[in-house]
Protein chains: 2
Amino acid sequence: MTTHDNDAFKPIATVDLAIFSLSPDGLSVLLVRRANAPFSGEWALPGGWIHINEDADLEAAARRVLKEKTGVETPYLEQLQTRGSRGRDPRGWSISIVYIALLSADDVAERQDEMAGEAEWRLIEGEGVGLSLAFDHLSLLKEALGRIRSKVEYSSLPGHLLPARFTLSELQSVYEHLLGRKLDKSAFRKRVAEADFLERIEGEMRRASNRPAQVFRLKDTRSLALFDRTI
Amino acid sequence: MTTHDNDAFKPIATVDLAIFSLSPDGLSVLLVRRANAPFSGEWALPGGWIHINEDADLEAAARRVLKEKTGVETPYLEQLQTRGSRGRDPRGWSISIVYIALLSADDVAERQDEMAGEAEWRLIEGEGVGLSLAFDHLSLLKEALGRIRSKVEYSSLPGHLLPARFTLSELQSVYEHLLGRKLDKSAFRKRVAEADFLERIEGEMRRASNRPAQVFRLKDTRSLALFDRTI
DNA sequence: CTAACTTAGTTGAAGATTTACACTAAGACT
DNA sequence: AGTCTTAGTGTAAATCTTCAACTAAGTTAG
């Protein structure tokens, strides 16, 4: 045991984030360009060392990184997976604890300026971003996409990407975009009603040159509601 | 960045395992009694430091710990969750990457002797094990149980706890035990057939003082099959 | 002012699936 | 030969899904 109190035997540990939002063209992920070696100049998922004096726990570390890169404090955040191996970082045996964050369209709109230069939204294209990434981050991104696409089938996940207030048609449209297929309107509304994760905003209507639509918000912006069956 | 090349800033990292098997009375988890501080003498999930010279990656570290404690080499193994915080280990900021392993009843029977003394199977009772555990291991065990019970609803998970060869009635009985409720026989068989994770062993029958039953085995002992709907 | 247009939201018939339970099958035991 | 037990299948009724039409409520054009 004492041999491992010697820090030379400790792996390196970082927290990395796959931060998603909806851009006009679809799902996007936040990437940063690395300033230092290794992989200097390449794109990567935002991340950082655990600051053992500052971070109380892993989720706090993830929230700190998120705040630093986006200014957002309270998104949907979930732990995805932990990768660790001898070869993934040329500096030595390294561990990365990876989180998924979903940003509301409101958050993205409000903080557009805070992010300038250091980070950039990249549209998701199929399994990736049409770009190679530093470390094993492309593989991590694929894993994150798999998790997200899977959860769209049976959870309220897409609601966390919209602005705080939205209509059922808008919500359905995000589901359809992420699933890549059309959904039946009445079946969709039945699922959403059963899962009971929306709060109707009394009297608030979205108006256009057609029948006005009821506006809703999530009952809980920090957690997902699960459906009994797939959407 | 250079400040963090100083190892004093690295957290401690261990891999811990929630290893499950079926004992005559139901689902059991393997616990070890700690020989050293902290929590000396208390029960804990088996685990150990990552050996950066020996383990190629996290899963290899988990398999090594599993082999050391049980002698088993190829069980079902999945990453559950990673915990990390300042306070969970009195020695300092620590990370635990937790895996779930499911042992076939055959594996347990064959290695009964190899485990003597150092480790012990404890029956699961409700949310825990009727015992307090070292570190945050009770909370980790609860998390593992939640994952397992959830997966019983929509996957072939219980098949990995049985001996290599089993009948459909035996399989159904494990589902029922883990779910805590009875299942309809024809519905159960329909789901199992659809998910297509069993291989019928031609000509092999389980005989007793009643109609003989067809014997099956898992097509793949390393991965779970998922159902389209809940069982 | 009215009719046409657009999207919101609901309804219902036809088809598919699930559920509950009974029925048949194949052996051992008496 | 008859009874008992568990394996495995069949089926009618109830429920859920699908698909498409329908009604609702506004704006816009003439």
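All names here are of chain B. Where burial is concerned, most of strand β1 (residues 12-23) is hidden: 10 out of the 12 residues are buried. Direction of pairing for β1 relative to strand β6 (residues 94-102): parallel, over a ladder of nine bridges. Among the inter-strand pairings, V15 is bridged to a residue of β6, identified as I97. Note that β1 and strand β4 (residues 47-49) share three bridges and pair antiparallel. The partner of T14 across the bridge, within β4, is W49. By the bridge criterion, four bridges tie β1 to strand β2 (residues 26-33) in an arrangement that is antiparallel. Following the sheet pairing, F20 is matched in β2 by V29. Between β1 and β2, which follow one another and run antiparallel, lie two residues.

Residues and elements named next belong to chain B. In contact at an axis separation of 11 Å, helix α4 (residues 168-179) and helix α5 (residues 185-195) are set at 100 degrees when each is read in the N-to-C sense. By the angle between their axes, α4 is roughly perpendicular relative to α5. For the pair formed by α4 and α5, the contact residues are L168, S169, L171, Q172 and Y175 on the first element and K185, F188, R189 and V192 on the second. Classifying every residue of the contact of α4 with α5 gives five nonpolar, two polar and two charged.

A separate point is the side chain of K69 of chain A. Tracing the chain through its elements places K69 of chain A in helix α1 (residues 58-70). Buried charge without a partner: K69 of chain A forms no salt bridge, and the closest opposite charge is E68 of chain A, 5.1 Å away.

Taken together, 20 residues surround DNA strand C, and among them S169, K185, N210 and Q214 of chain A together with K190 of chain B come closest. Close to the protein, within 4 Å, the atoms of DNA strand C are drawn from sugar and phosphate at a rate of 62%. A distance of 3.4 Å separates a sugar or linking oxygen of DNA strand C from a polar side-chain atom of R189 of chain A. Interatomic distance of 2.3 Å between a side-chain N/O atom of K190 of chain B and a phosphate oxygen of DNA strand C. Listing elements by their share of the surface near DNA strand C, those giving two or more residues are α5 (185-195) and β10 (210-218) of chain A together with α5, β9 (198-208) and β10 (210-218) of chain B. For the surface near DNA strand C, the element with the highest residue contribution is β10 of chain A, accounting for five residues. Per-class residue counts for the surface near DNA strand C are four nonpolar, seven polar and nine charged.

This next bit is on the relation of the copies chain B and chain A. With an RMSD of 0.1 Å, the fit of chain B onto chain A corresponds to turning through 179 degrees and sliding 0.0 Å along the axis. Interpreted geometrically, this transformation is the action of a two-fold axis. A shared binding surface is used by both copies, with 100% of the interface residues of chain B retained as interface residues in chain A.

Moving on: the pairing of strand β9 (residues 198-208) of chain A. Along any regular strand, the residues point their side chains to alternate faces of the sheet. Residues and elements named next belong to chain A. In this sheet, β10 lies alongside β9 in antiparallel orientation, the contact comprising six bridges. Bridged to A208 within β10 is N210. Remark: one residue form the turn of the hairpin made by β9 and β10, two consecutive strands paired antiparallel.

What follows is about the interface of chain B and chain A. Of the residues lining the interface, 33 residues belong to chain B; the matching set on chain A comes to 33 residues. For the pair chain B and chain A, the summed buried surface comes to about 3100 Å²; carbon and sulfur atoms form 58% of the total. Linking chain B with chain A are zero salt bridges, by the criterion used here. Between the two partners, chain B and chain A, sit 16 residue pairs in polar contact (both at pLDDT 80 or more). At the level of elements, β1, β5 (76-85) and β6 of chain B are the ones that each hand at least two residues to the side of chain B that touches chain A. Sort the elements by how many residues they give to the side of chain B that touches chain A and β5 of chain B lands first, with six residues.

Residue and element names in this part refer to chain B. On the secondary structure map, H137 appears in helix α3 (residues 137-152). Owing to a relative accessible area of 2%, H137 belongs among the buried residues under this scheme. In this structure the side chain of H137 is engaged in a polar contact, spanning 3.0 Å, whose partner is the backbone nitrogen of L45. If we skip the residues at most four places from it in the chain, H137 touches D16, A44, L45 and R88.

We now examine the sheet that holds β10 of chain B. Pairing within the open sheet is antiparallel, and its three strands lie in the order β8-β10-β9 (chain B). Either end of the sheet is taken by a strand with one partner, and the two such strands are β8 (166-167) and β9 of chain B.

Let us now look at the protein's contact with DNA strand D. Neighbouring residues of DNA strand D: 20 residues in total, closest K190 of chain A together with S169, K185, N210 and Q214 of chain B. Taken together, the sugar and phosphate atoms account for 66% of what DNA strand D places within 4 Å of the protein. At a separation of 3.4 Å, a sugar or linking oxygen of DNA strand D approaches a polar side-chain atom of R189 of chain B. Within the residue set of the surface near DNA strand D, elements represented by two or more residues are α5, β9 and β10 of chain A together with α5 and β10 of chain B. Residue contributions to the surface near DNA strand D peak at five residues, all from β10 of chain B.

Soluble globular proteins tend to bury their nonpolar side chains together. Residues L17 and I50 of chain A together with L17 and I50 of chain B are the most contacted members of the largest nonpolar core, which totals 50 residues. Beyond its immediate chain neighbours, meaning those up to four positions away, L17 of chain A contacts L45, P46, A62, V65, L66, L77 and Y99 of chain A.

Time to look at the domain arrangement of chain A. By a widely used convention, the size of an interface equals the accessible area lost when the partners come together. All names here are of chain A. Structurally, chain A comprises domain 1 (2-141) and domain 2 (157-218). Here the C-alpha centre of domain 2 lies 30 Å away from the C-alpha centre of domain 1. Of the residues lining the interface, 12 residues belong to domain 1; the matching set on domain 2 comes to nine residues. Taken over both partners, the interface formed by domain 1 and domain 2 buries close to 810 Å², and the fraction arising from carbon and sulfur atoms is 72%. Summed over the shared surface of domain 1 and domain 2, the number is zero salt bridges. Between the two partners, domain 1 and domain 2, sit four residue pairs in polar contact (both at pLDDT 80 or more). Of all the secondary structure elements, the ones that give two or more residues to the side of domain 1 that touches domain 2 are β1 (12-23), β2 (26-33) and α2 (105-110). With three residues, β1 is the largest single contributor of residues to the side of domain 1 that touches domain 2.

Here is what the cut-offs are and how they apply
Residues numbered from 1 in each chain as written. Chains lettered and ligands numbered in written order. Predicted model: local features only at pLDDT ≥ 70, side-chain atom pairs only at ≥ 80, totals over all residues. Heavy atoms only, no water. Buried < 20%, exposed > 50% of the residue type's maximum accessible area, 1.4 Å probe, protein only. Helix = DSSP H or I, 4+ residues; strand = E, 2+ residues; numbered from the N terminus. Pairing = 2+ DSSP bridges. Axes fitted to C-alpha atoms, helices over the stretch in contact; angles between N-to-C directions. Parallel < 35°, antiparallel > 145°, perpendicular 65-115°, else oblique. Contact = heavy atoms within 4.5 Å. Nonpolar A, V, L, I, M, F, W, Y, C, P; charged D, E, K, R; others polar. Lys, Arg positive; Asp, Glu negative; His and termini not counted. Salt bridge = Lys/Arg side-chain N within 4 Å of Asp/Glu carboxyl O. Near = heavy atom within 4 Å. Polar contact = N/O pair within 3.5 Å; in protein donor to acceptor, adjacent residues only side chain to side chain. Least-squares fit on C-alpha atoms with pLDDT ≥ 70 in both. Buried area = accessible area lost by both parts, 1.4 Å probe. Core = buried A, V, L, I, M, F, W, Y, C linked by side-chain atoms within 4.5 Å. Domains from an automatic or database assignment.

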